[in-house]
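# Residue-level structure breakdown
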Amino acid sequence: MKIKTLLLMVLLSLSGMATLYAQQILLIGSDSRENNTRGNADLIMVITVKNKEVKLTSILRDTYVYIKGYGNQKLNAAYRLGGRELLISTINANFKTKLVSSIVTDFNNTARVIDSFGGITINIDKGIHQYVNRYIAEQSYLKGVPLLPLTRTGVIKVTGDQALAYARVRVAGTCYDDHARVERQKNITKAVISYAVKNKSVALKNISDLWSMIDTDIHLKDYMKTFSTFLNKQHLPRSQVFPAGNLYSNERINGVGLVLKIKNFKSAAYRLNDMIK
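By convention here, each chain's residues receive numbers from 1 onward along its written sequence. Note on the predicted model: pLDDT of at least 70 is required for a residue's local features to be given, and 80 or more for side-chain atom pairs to be given and counted; whole-chain, interface and lining totals, by contrast, use all residues. To obtain the side-chain values, all non-hydrogen atoms of the structure were used and water was disregarded.

### Points about helix α2 (residues 77-95)
Spanning 19 residues, α2 covers only 17 Å between terminal C-alpha atoms, well under the ideal 27 Å at 1.5 Å per step. The angle separating two fitted axes, one through the seven residues that finish at a residue and one through the seven that start at it, defines the bend at that residue. Labels follow the DSSP assignment, with helices taken as runs of H or I lasting at least four residues and strands as runs of E lasting at least two, numbered in each case from the N terminus. By the largest-angle criterion, G83 marks the main kink of α2, which is about 135°. Just past α2, the residue K96 takes up positive phi, approximately 60°. Multiplying one less than the number of residues by 1.5 Å gives the expected span of a helix.

### Here's the deal with the confidence of the model for the chain
Each residue carries a pLDDT score, the predictor's own confidence in it, on a scale running from 0 to 100. When the pLDDT values of the chain are averaged, the result is 81; 76% of them are 70 or greater. At the low end of the mean pLDDT range in the chain sits helix α1 (residues 8-16), at 52; at the high end sits strand β4 (residues 63-67), at 98. We call two residues in contact whenever any of their non-hydrogen atoms come within 4.5 Å of each other. With pLDDT under 50 throughout, residues 1-5 is counted as low confidence; its partners more than four residues away or in other chains account for 36 contacts. Of the regions scoring below 50 in pLDDT, residues 15-20 engages in 18 contacts with residues more than four places distant in sequence or in other chains.

### Quick look at the pairing of strand β6 (residues 101-105)
Three exposure classes are used, based on accessible area relative to the maximum for each residue type with a 1.4 Å probe and protein chains only: buried under 20%, partly exposed in between, and exposed over 50%. Judged by how many residues are buried, β6 sits mostly within the fold: five of five residues are covered. Pairing of strand β1 (residues 23-30) with β6 involves five bridges; the strand directions are parallel. When the bridges of β6 are listed, I28 appears paired with V104. Note on pairing: two strands pair once DSSP finds at least 2 bridges between them.

### Observations concerning the side chain of R84
Looking at where R84 falls in the secondary structure, it is placed in helix α2. Taking the relative accessible area as the measure of exposure, R84 reaches 11% and is therefore buried.

### Regarding the pattern of salt bridges
We define a salt bridge as a side-chain nitrogen of Lys or Arg found within 4 Å of a carboxyl oxygen belonging to Asp or Glu. Tallied over the full model, the rule gives eight salt bridges. Ionic pairing is found between D62 and R170, a salt bridge with its closest N-O pair at 3.8 Å. Placement of D62 in the loop between β3 (53-59) and β4 and of R170 in the loop between α5 (160-168) and α6 (178-198) is noted, with a sequence separation of 108 residues between them. Residue R170 is classed as partly exposed on the basis of its relative accessible area of 30%. As a salt-bridge pair, D161 and K143 come within 2.8 Å of each other at their nearest N and O atoms.

### As for the nonpolar core
Among the buried residues, those of types Ala, Val, Leu, Ile, Met, Phe, Trp, Tyr and Cys that are joined through side-chain atoms within 4.5 Å form a nonpolar core. Core analysis: the biggest nonpolar cluster contains 31 residues, and L26, I44, I59, L87, I91, F95 and F242 have the highest contact counts within it. Going through the elements one at a time, β1, β2 (41-50), β4, α2, β12 (257-262) and α10 (265-276) are the ones with two or more residues in this core. With eight residues, the single largest contributor to this core is α2. Beyond its immediate chain neighbours, meaning those up to four positions away, I44 contacts L26, L27, T57, S58, I59, R61, L75, N76, L87 and I91. One finds I136, I156, A163 and Y176 within the second-largest nonpolar core, a separate group that totals 24 residues.

### Some remarks on the packing of aromatic side chains
Pairing of aromatic side chains here covers Phe, Tyr and the six-membered ring of Trp, requires ring centres within 6.5 Å, and sorts the geometry by plane angle: under 30 degrees stacked, over 60 edge-to-face, intermediate tilted. Inspection of every chain in the model, using the stated rule, returns three aromatic pairs. Ring plane angle 85° and centroid distance 5.2 Å describe the contact between F95 and F242, whose orientation is recorded as edge-to-face. On the criterion of sequence distance, the pair formed by F95 in helix α2 and F242 in strand β10 (residues 238-242) is long-range, its members being 147 residues apart. Like F95, the residue F242 is buried in the burial classification. Put simply, the rings of F95, F242 and F265 pair up and form one aromatic cluster.

### Looking at the packing of α5 against α6
How two helices sit against one another is set out by the angle between their axes and by the gap between those axes. With their axes 8 Å apart at the nearest point, α5 and α6 run at an angle of 150° to one another. As summarised for this structure, α5 and α6 are arranged roughly antiparallel, according to the angle between their axes. Contact residues: A163, Y166, A167 and R168 in α5; R181, R184, Q185 and I188 in α6. All residues other than Ala, Val, Leu, Ile, Met, Phe, Trp, Tyr, Cys, Pro, Asp, Glu, Lys and Arg, Gly among them, are scored as polar; the first ten of these are nonpolar and the last four charged. Here the residues of the contact of α5 with α6 are counted per class, giving four nonpolar, one polar and three charged. Each axis is a line fitted through C-alpha atoms, and for a helix only the stretch in contact is used; angles between axes span 0 to 180 degrees, taken between their N-to-C directions. These descriptions rest on fixed angle ranges, namely under 35 degrees for roughly parallel, over 145 for roughly antiparallel, 65 to 115 for roughly perpendicular, and the rest for oblique.

### A word on the sheet that holds β4
Taken in spatial order, the four strands make up an open sheet running β5-β4-β12-β11, and their pairing is mixed. In this open sheet, the two strands that pair with only one neighbour each are β5 (71-74) and β11 (248-253). Pairs of neighbouring strands in the sheet enclose a mean axial angle of 50°, with direction left out of account. Bridging between β4 and β5 involves four bridges; their strand directions are antiparallel. From the neighbouring strand, V65 faces β5, where its bridge partner is Q73. Sheet strands touched by α2: β4, β5 and β12. Its angle to β4, the strand with the most contacts, is close to 95°.

Okay, structure coming up:
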């Protein structure tokens, strides 16, 4: 699944980690569509919190890395093969990072998180309209309930399922490729955070319900302590993408598919650590 994001989970993680040193949390969005199954990680994002600065660093899922016990594969396969522990250890081993904490959310929770905030407002361009409605139709089938399709584009308020479908779209050979999808994921994340900041009472009211929708190794008390403070003082996060185009080449690997092959892991590791510090 494609975004499993979420999103408010970003907001929660930011709230609990305001500190004098950099705190890094890995946000994992799994593409599992059924209960008790684990899919690939289609959203891999490092959240960095340092003082009042917040950064969202998306790691492209097709980055070609070594996964211990499985050989060279796309990074997103690590979560399916060994859960959060293997994904974190894979990133740390390949890029010399020191990630520890994580948040996991999946297909079944993404729309619920957005709907708990009453939807979000985003700008949907005309060309992507048909693709979004295809994903909405798929989500409707999987859930066994009718879902509202998009009936117009532009700056509009969308439901959780509509936002999810928008973030899932990936059409190779068009402007809606994987890189563009990462940008849409980040735009939705920012839209949720922006809504929370502007509607503090709603955000505070829903914190307990939102907590129950995620899987995390971070203590609830850490969030609760500074959640209100974050809503009042925190700026919206800065976003960035790793790896940059000069760090990899596009290659097709037999049995794996099209990947982003890192040219120099030492240089790439330096760049990623600089981005998330």
